[in-house]
Structures are given as C-alpha cells and as structure tokens.
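# Observations on the model geometry
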Amino acid sequence: MIATLALATVLASSASPVSPTTRYDAGIPTLEEITGHSTGAQISTPAQITAYVEALAAAAPDRTELVTYATSEEGRPLHVLAIGSAERMARLDEIKAGLARLADPRGLAAADAEALLSELPAVVWLYHAVHGNEISSPEAGLALAHHLLAAEGDEIVDLIRREAIVLIDPLQNPDGRARFVASNTVGQGPSPDPEPISAEHVEPWPGGRANHYLFDMNRDWFAQTQPETRGRLKVFLEWYPQVAVDLHEMGGDATYFFAPAPPYNPHLVESQHQWLDRIGRAVAARFDEQGVAYFVREVFDSFYPGYGEMWPMLHGAVGMTYEQASARGLVFRRTDDTELTYLDGIRNHFTAALTTAATAARGREKLLRDFLGFRRSAVREGESGDVRQYVLAPGTDPARALRLAELLVAQGIEVRLTEEELRVGDRRFPAGSYVVPLAQPAGRLVRNLLDPRVPMGDEFVKEQERRRQKRLPDQFYDVTAWSLPLVFDVECVGMEAVDGGHARAWAPEPPRDSSLEEAKVAWLLPWGAGTAGAVVEALQAGVKVRVAEGASTFGGRTFPAGTAIVRRAENADDIRETLGRIVARHRSSAVAVDSGYPDDGVSLGSFRVRPLRAPRVLLAWDTPTSSQSAGWARWVLERRYGQRVSVVRVSSLGRAELDRFDVIVLPSGRYGETLGKQLVNRIRTWVRSGGTLIALAEAARWLTTEDAGLLATTTELRSGCPDEGPPEGEDPEGDEDGRPAASCGQKEDEPYDLESAIQPERERPDAVPGALLRVQLDGEHWLAAGSDGQIQAIVDGRRVFSPLKLDKGRNVGVYATREEVVASGFVWDDARELLAQKAFLMHQPLGQGHVVAFAEDPNYRGYAEATELLFMNAVLLGPAY
C-alpha cells in the first residue's frame, strides 16, 4: 500500500493520466473519487471496477445503459456499459430492432435498408482482459468510459457520440483478475519492484490468466462452456456490433500489436480485410505521432473461430485483437534496462481503443453497409454450392446430438427439426433429426463449425514446411481443426436438397419430467453421454444401478454392452418417478422391461451385470499439473457430468488416505520430480487393491518412465525408436571406435547424404498443431461403452505411444491407418506416418485395479464430447470392474 500511495502522489498532478490536456465535466466521477486511487496508480480489483462503472452509469443515466450479463463461477458480476448520445440512448430499443433487421436482411426492402443505414449508429464493442493477469486493459476501458462521458470540447469524442454507440466490457474475467491481484499484493514491498523475477511479477500456480475452472476463455467462444462466455454471446446477439475489439497483453519485452494477423479464416470477406487495414493504419498513425512502437502480422492469427476477435467476424463484424506489452505489476524492467509502467500500457490501450471508435464513427455508414453486405452474401452463398444444408442425425446417443443443436442455436444459428423421416439419396434419417440450412445470415459461422475441414492458405502451409525442414519454429498459433460433429461424434451429412421430412423451426426447451412406462423388472438405459450424466445423479441419489458387460436383446431391441440397468426390486417404491426426473434432466431414455429373460445375450441377473457405486474421485491439483488440463478435467467432472470430486494438491498427496478413493485422476503434467518413490509405491499398492488410476497426456508419458513403471510401453522418437536414454555405461555420442552410432532403423552402409547426416539422432516427433485424428475403438471393452467403434480425438502435441503388448493390457483406442488417420486439420507427413495405428487409449490391469492412460487430453477445452465420454467411462465403470 505504501508503494501504491507514493505512485498515486506522482500521478495526481495530472487531471487525466491518459489525456492530460482534455477538459472534463466534474459531474462525471473520476476513478480516484470512487476507488481512492488514480488511473495507473494501483491495479483495480474486480469490485472496484464494478463500483466505478456503476458510478459512471449513475452519473449519466441518459447517456448510458449498464447491463450485468453474467455472473462468474465465484459469484462476481460481469458488465457491459453502453455509451451514446442522449438522443440515441433514448431510442435504444428502436436502434436494437434496426440492427436486428440489418442482421437478418431476408425480406428487407431496399428503401427500408437505406433508411436504416442512414439512421443507425455504428456499434463498437470493446472487451477487456479475458485473461485475468493481462492487467492494463480494464483500467484503459474505465478511462475511455470516463473520457467519452466527461470530455468537453473534444471533436473526436463529439464525433463518436454523434455517430456511434460504444459498448465497454471492462473485465471479462473477474475471477482470474482477483487471483492475480491477490498474488501481486502479497508480493509487493514498500516500493514497486521492476525486477521480472520478483514475487509481485511471478504468479504461483495456476496464475491469473484463466477463470475459476482454469479455462482460457479466449478459446471458448463457440464451445460456450463457461458462464462468462455464454453471457457475452447474448450481448453480441442483442447488439450485433460492427466492430469488436478484444484487448490483451503479452510479454513485457514486446511493444504493441494490432491487426491484421494472418493466416486468415477462409470465410472472411474482402470488406473485412479492408477495414482491418483501415483501422490498423489509423492506430499506427496515432502511435507514430506519440512515438509508440508496434508491430503487425508477425504472430497471432485470425483463423480459429473460438477467439474473441474471430467469432464476431463470422457474424459480419470487424474483429481485432490488440496486445500491449505487460508490466505484470506497476513497473517492469525490460531486458534493455528500460522500464515499462502499468500506466504505459493503460495509455496505449486507451489510445488504440479511442482511435478505433473514432475510425468506426467516421466510417459509420460504410461499416453498416458492409455488415449488411456480409449478412446478405452469406445467405446467397448458402443458396448455391454442392452443400446447402447439413443434417445432424440423433444416432445412438440423441442427447449428444441435442447438445450440439442447442450449442448452434445459442450462437444465433437457425436449426430446424424434422417431424417425419428424411430422405437424402439412399440415406434415411428418422424424425427428430436436425437440419441446419446454410442459406442464413450466420451461414459462414455454420460452415466453420460443421464443415469437416476449414483449409489454411497454401502459401502459409508451404512456409511452415520450409521452416520445419530447417528446424525453425512453426507459425501455427493455435489448433487447425475443431469440427463440432467430429468431436461430438454426431453424424453430420451435407447435401444440396432433401426429400420429405417436414422440418419446423426449432429452439431448445427446458427439460420436463419424463413419465416412464411402468416396468415389472427393470429399466434399461443405453449408454451414452446422457445416460452417463443420469447415472452420476442416480448413484448420488441412492438409486442402485448396474451395468451390463455384454449386449442383450429384449422385445426385439438390442441393448449394447454398457447399458445401465435399474431394477425395480432393489430400489425404492418411487423409483419410477425418481428415475423419470433424472432421465429427463439428462435427455437420456429408459426402456421398461417386464422380464429379466432376454431374447438373446446377457441376462439381467447374470454375473456379467455389475453393480455400480458412486465413485469417490481424487483429482490431482496444483504444480506440476498443467493448469488447463486440471481445470478441464474438473469442469467435465463437476459441471458437465455433476460428478463430485476431491481436488487435492499434489504436495498433499503424500498425506492422503488413498483407500478412501476409488479413482485418482492425474491431469497432464510432469510428475517425475514431484512424486517420490515412496508415494509412487503407495499408488501402485492402491491400484493393486482395486483402484482406478487415470493418466492424461503428459501424465501418461510419466507412467511409462522407470521412476513410475506403471504403464508397460514407451513413447517414441521421431525416428520411431523408443524414447529412452542410452543403455547404462554406453557413450551416447558414439561407439567405441568413435564412429557415430547408427540411428534406430538406419542402415550403416547407406551412402552418405547431407540431409540425412544433419538430422538429430534423438529427436522428439513433430508436434501436431491441434488436428482431429480418427481413433478405432475396441467395442468389446468397457472403456468404449457408448461409442460406435470410431471417434475423432483432438491431438495437440508430440506424444506417440507404442501399443501395449497383449500380455500387458489392451489398446482400447488406436489411431487409424496412415491413409485414414487424419480426419481434419494439419498433420506433418512424418507425424502421420508415426502416429498411424499407435495407441490413444490404453488399459493395463494391475492386481484388482486398473491403469487407464490417454495419449492426449480427452477433456480438451471442454467441447471434446466423444473423448470426454471415454474419460467418464473410466471414472464410472472402472471401479465396477
């Protein structure tokens, strides 16, 4: 606090630290008047940010609208403050209705369109700090809000007020910021410490970047797993802004970044590229005047539709990411010994945002016209081409198809529901299938989410291959594939036209209690995502549930292995009503049977029908786990499936009573230096006694090491050799004659070749930049319950596991052949060769328990529905076997 006050004294001499020459209306409160510190003097807390936007709204009620659009997991509010002229704000409902008409121009007469274009304001949406430890942009957003409301005699502000409405979301991630502020405060001394390694700059695990569930919410826009994201999408669909800017921070030694940022998503249009250039040049001109250094194009991208700047672009907005070098505190020493202050970052973000709003205001009519053109051309594109609509089949797991359809509707996408059989050539789709037409204003977003592939530019891909050959870092910024039907494992068929199957406009409805048919003996619930969720709730409610190891047939219907069984005789008298409510909530189904005698297959009283129990789950937490992997796993358990879990810090595992748990989940992480030999032996004993150990990604690699010895396989090098060091006592550099040792698989008498000679002897495989790979599943194994034998898994790394030998365990999931393995996205040829028919999901029995290992993270970003079910199979079914 002493350091903060000292800095505040220095800054107090200026009326506005970000715009010192501007004259302000004293009736609009400053940040200092509300929080006690001036802009840049202290890192405002989430509560202080809320207090200030509330004060601004109260001071100018005729020129603002403050909306709380979401509440975080930790109970903090998220706001958007709309700012415009009093005249515009008095007509807010009319303006929103007009923007909605532009957003859906079907049936909009030319004269009506021109009237709207002449009257409506441009809407500029500025949203700040989706990453909680990117600290300067919220303060910049508050400063801009004050500037727009209080500045007097300022031509730029007058222009913005006249021609635009500015939406300011000051803080997208209050939980992450609260975590950062707490860490930074604990690390502070009497004066700000600029040293990068000082405690106030270095955050303990998990840091403040992510939200409560440790999700990177700048990857969550189409997945909508988090309440903050879901709220933001509602804001967009209420306003349909023409400009959307996501303000971030990056490393302290950088400068300032703004758009453009290739590679570009192929579904953008020329007018969007022109606006990116126009706004970018305007910001550059202002920075040039102020002597602020910046760069464009060299990093980041505009490709993945889950970004905060990319998702709005697929609705027709001009989306941009702004990145400011971060002080990660009040002062930061750069490597050139100059100092970057918190206030520097605030000023730069303020300048860029103000310039953006002014550029939009100047081009108001063209912005609106281009937005209208984007929405119209999306409809026209959808009316031509080989694919004009997609059909989503309910399949064997209708709950998953329903979840996908709901996800689309929540993003402003039109979905229709068939009321009778649908015919597509020789294919037949039952009533209850979903039809998604491309001839709709959001058609380009549909293409991004449902197309099996979204291509990257050929020149960009060629450049990456060139860089790879020279072992230069590639320029893939994020994943290269995300097709929702593939990751949900929902059949999606594109076609030009359909026969029959009258389809009506569809919107999700809240689940209603299901009245189950009376059963004399039992209800059977075919396994899938819906049933897994229902079983979790049922077990916690005291319902006795069993699961069938094999398939059976009752009344002419076949129920596959993994079917859940709820017997009337071993449950309470009200089981029909209880189960009906649970099944309805999880969109599952329960089929009544009046006899335990099957037409074929497993009998209900068979020893192959195993009792389930509510598993007691321990999730490893904190260092050395990957915070994202740990957060994804926790979210899937607690929020997606409602499974209770004990979150235990790895440092406390040595004190844990392991026999109180049935399942231990190790998120991705490097455990070798953290879990000592004694604890590893305790875990091994626990598994032998019936425990289920589940290891994800890098944790699975650790299981293969000599220190762990819990998984009888190895990971592979780029050459295909086992990833293990040289034998004890052997010189790793060469043989006893001094000649280099031959590589695994290399013939020593091959002629000399320079390219071969310069290849490293022991090199990890090429990293797969987030592609979707086909995985063949062993349908006879309980881990594969609820699948149709093939899924697509998100692969984002360089792990390649040799398959388990038959005497060691089962390779429940194996990547497909070289020709078939890549379902979507970019994979290097060498990696494709290496990954083909290697292990994805391994099960190794150990005593009475199990080791289950996933080569990749099955809970990736919370939207990998098919692999998440495999993970839940391990959690729910492992203890039963």
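Residues numbered from 1 in each chain as written. Predicted model: local features only at pLDDT ≥ 70, side-chain atom pairs only at ≥ 80, totals over all residues. Heavy atoms only, no water.

## Side note on the environment of glycine 84
By the secondary structure assignment, glycine 84 is in the loop between β3 (77–83) and α4 (86–90). Here glycine 84 falls in the buried class, since its relative accessible area comes to 5%. Residues glycine 84 and arginine 63, 21 residues apart in the sequence, show an inter-C-alpha distance of 5.4 Å. Once residues lying within four places of it in the same chain are set aside, the contact partners of glycine 84 are Arg63, Met89, Ala164 and Ile165. (Helix = DSSP H or I, 4+ residues; strand = E, 2+ residues; numbered from the N terminus. Buried < 20%, exposed > 50% of the residue type's maximum accessible area, 1.4 Å probe, protein only. Contact = heavy atoms within 4.5 Å.)

## Thoughts on the sheet that holds strand β23 (residues 557–559)
The sheet built from three strands is open, its strands ordered β23-β22-β26 with antiparallel pairing. Edge strands, defined here as strands with exactly one partner in the open sheet, are β23 and β26 (600–601). Summarising the sheet, strand β22 (residues 552–554) and β23 pair through three bridges and their orientation is antiparallel. For threonine 553, the partnering residue across the bridge sits in β23 and is threonine 558. (Pairing = 2+ DSSP bridges.)

## Some words on the packing of helix α21 (residues 627–640) against helix α26 (residues 865–877)
Two elements in contact, α21 and α26, have axes separated by 11 Å at closest approach and are oriented at 80 degrees. The pairing of α21 with α26 is recorded here as roughly perpendicular in orientation. Where α21 abuts α26, its residues Ala633, Val636, Leu637 and Arg640 lie against Glu865, Glu868, Phe871, Met872 and Val875. Tallied by class, the residues present in the contact of α21 with α26 amount to six nonpolar, no polar and three charged. (Axes fitted to C-alpha atoms, helices over the stretch in contact; angles between N-to-C directions. Parallel < 35°, antiparallel > 145°, perpendicular 65-115°, else oblique. Nonpolar A, V, L, I, M, F, W, Y, C, P; charged D, E, K, R; others polar.)

## A word on a nonpolar patch on the surface
Where nonpolar side chains cluster on the molecular surface, the patch consists of Tyr752, Leu754 and Ile758 and spans about 380 Å² of accessible area. Positionally, tyrosine 752 belongs in the loop between α23 (698–703) and α24 (754–757). Given the relative accessible area of 69%, tyrosine 752 is considered exposed. (Patch = residues over 30% accessible without salt bridge, like charges linked within 9 Å, V, L, I, M, F, W, Y side chains within 5 Å. Areas by Shrake-Rupley, 256 points an atom, 1.4 Å probe, with all protein chains shown as cover. Salt bridge = Lys/Arg side-chain N within 4 Å of Asp/Glu carboxyl O.)

## A closer look at the nonpolar core
Membership of the largest hydrophobic core comes to 262 residues, with the highest contact counts inside it found for Tyr322, Ile694 and Phe871. Broken down by element, this core gets its largest block of residues, eleven residues, from helix α13 (residues 342–362). When near neighbours in sequence (up to four residues on either side) are disregarded, isoleucine 694 contacts Val663, Ile664, Val665, Leu666, Val852, Phe854, Phe871, Ala874 and Val875. One finds Val521, Ile565, Val593 and Val602 within the second-largest nonpolar core, a separate group that totals eleven residues. (Core = buried A, V, L, I, M, F, W, Y, C linked by side-chain atoms within 4.5 Å.)

## Some details on the packing of aromatic side chains
This structure, assessed with the given rule, holds 36 aromatic pairs. With 5.2 Å between their ring centres and 75 degrees between their planes, phenylalanine 300 and tyrosine 477 make a pair best called edge-to-face. Highlighted residues: phenylalanine 300 in the loop between α11 (270–290) and α12 (310–313) and tyrosine 477 in the loop between α17 (458–469) and α18 (484–488), separated in sequence by 177 residues. With relative accessibility at 12%, the residue phenylalanine 300 sits in the buried group. On the accessibility criterion, tyrosine 477 (32% relative accessible area) is partly exposed. The rings of Phe222, Phe257, Phe295, Phe300, Phe303, Tyr304, Tyr307, Tyr477, Trp482 and Tyr863 are connected pair by pair, giving a single aromatic cluster. Here arginine 444 stacks its cationic end above the ring of phenylalanine 374, 4.4 Å away from the centre of that ring. A cation sits over an aromatic face here: arginine 634 above tryptophan 621, 5.2 Å from the ring centre. (Phe/Tyr/Trp six-rings, centres within 6.5 Å; stacked < 30°, edge-to-face > 60°. Lys NZ or Arg CZ within 6 Å of the ring centre and 35° of its normal.)

## Quick word on the side chain of glutamate 868
Mapping glutamate 868 onto the fold places it in helix α26. Summary of buried charges: glutamate 868 has no salt-bridge partner, and the nearest side chain of opposite charge, arginine 640, is 4.4 Å away. Not counting chain neighbours up to four residues away, the residues in contact with glutamate 868 comprise Val636, Arg640, Pro858, Asn859, Gly862 and Tyr863. (Lys, Arg positive; Asp, Glu negative; His and termini not counted.)

## What about the sheet that holds strand β16 (residues 434–437)?
The antiparallel open sheet is built from five strands, whose spatial order is β17-β12-β16-β13-β19. Because the sheet does not close on itself, it has two edges, and the strands there are β17 (492–495) and β19 (503–505). Sheet twist, expressed as the average angle between the axes of neighbouring strands with direction ignored, equals 30 degrees. Alignment of strand β12 (residues 389–392) against β17, held across four bridges, turns out to be antiparallel. The partner of leucine 392 across the bridge, within β17, is cysteine 492. In this fold helix α15 (residues 398–409) packs onto β12 and β16, with an angle of close to 30 degrees to the strand it touches most, β16.

## Here we look at the pattern of salt bridges
For the coordinates displayed, the defined rule picks out 67 salt bridges. Between aspartate 277 and arginine 281 there is a salt bridge; the shortest N-O distance is 2.9 Å. Note that aspartate 277 and arginine 281 are positioned in helix α11 at a spacing of four residues, about one turn of the helix. Across the pair glutamate 406 and arginine 587 runs a salt bridge whose closest N-O atoms are separated by 3.0 Å. One end of the pair, glutamate 406, is in helix α15; the other, arginine 587, is in the loop between α20 (575–585) and β25 (591–593), and 181 residues separate them in sequence.

## A closer look at the side chain of arginine 177
With respect to the element layout, arginine 177 can be found in helix α9 (residues 174–187). Contacts of arginine 177, omitting those with residues within four sequence positions, involve Ile43, Ser44, Pro46, Ile49, Gly132, Glu134, Ile135, Pro138, Glu139, Leu171, Gly208 and Tyr342.

## Regarding the environment of leucine 368
One can find leucine 368 in helix α14 (residues 364–382). Of the residues examined, leucine 368 reaches a relative accessible area of 0% and is grouped as buried. With 120 residues separating them in the primary sequence, leucine 368 and phenylalanine 488 have C-alpha atoms 36 Å apart. Leaving out residues up to four positions away in the same chain, leucine 368 has contacts with Leu99, Leu102, Leu117, Leu120, Pro121, Ala122 and Gln242.

## So, the environment of glutamine 844
Within the element layout of this structure, glutamine 844 appears in strand β36 (residues 839–846). Here the alpha-carbon distance between glutamine 844 and lysine 805, two residues 39 residues apart in the chain, equals 10.0 Å. Non-local contacts of glutamine 844, meaning those with residues more than four positions away in its chain, are made with Leu710, Leu711, Ala712, Leu804, Lys808, Gly809, His850 and Val851. Of note is the side chain of glutamine 844, whose polar atom sits 2.8 Å from the backbone nitrogen of alanine 712. (Polar contact = N/O pair within 3.5 Å; in protein donor to acceptor, adjacent residues only side chain to side chain.)

## Considering the confidence of the model for the chain
Low pLDDT means the predicted atomic positions in that stretch should not be read closely. Taken residue by residue, the chain gives an average pLDDT of 93. The fraction at 70 or more is 95%. Confidence drops under a pLDDT of 50 for residues 5–14, and excluding neighbours within four residues, the segment shows eleven contacts in the predicted structure. Here residues 726–743 scores under 50 on pLDDT; set against residues more than four positions off or in separate chains, the count is eleven contacts. (pLDDT = per-residue confidence, 0-100.)

## Here's the deal with unusual backbone geometry
A cis amide bond, omega 0 degrees, links tryptophan 205 with the succeeding residue proline 206. Note that proline 206 resides in the loop between α9 and α10 (227–239). Alanine 259 connects to proline 260 through a cis peptide bond whose omega is 10 degrees. Residue position: proline 260 is located in the loop between β8 (256–257) and α11. Positive phi is not limited to glycine here, since arginine 297 has a value of about 70 degrees. The topology assignment puts arginine 297 in the loop between α11 and α12. Backbone geometry at arginine 861 places phi at a positive 55 degrees, although glycine is not the residue there. Position of arginine 861 among the secondary structure elements: in the loop between β37 (849–854) and α26.

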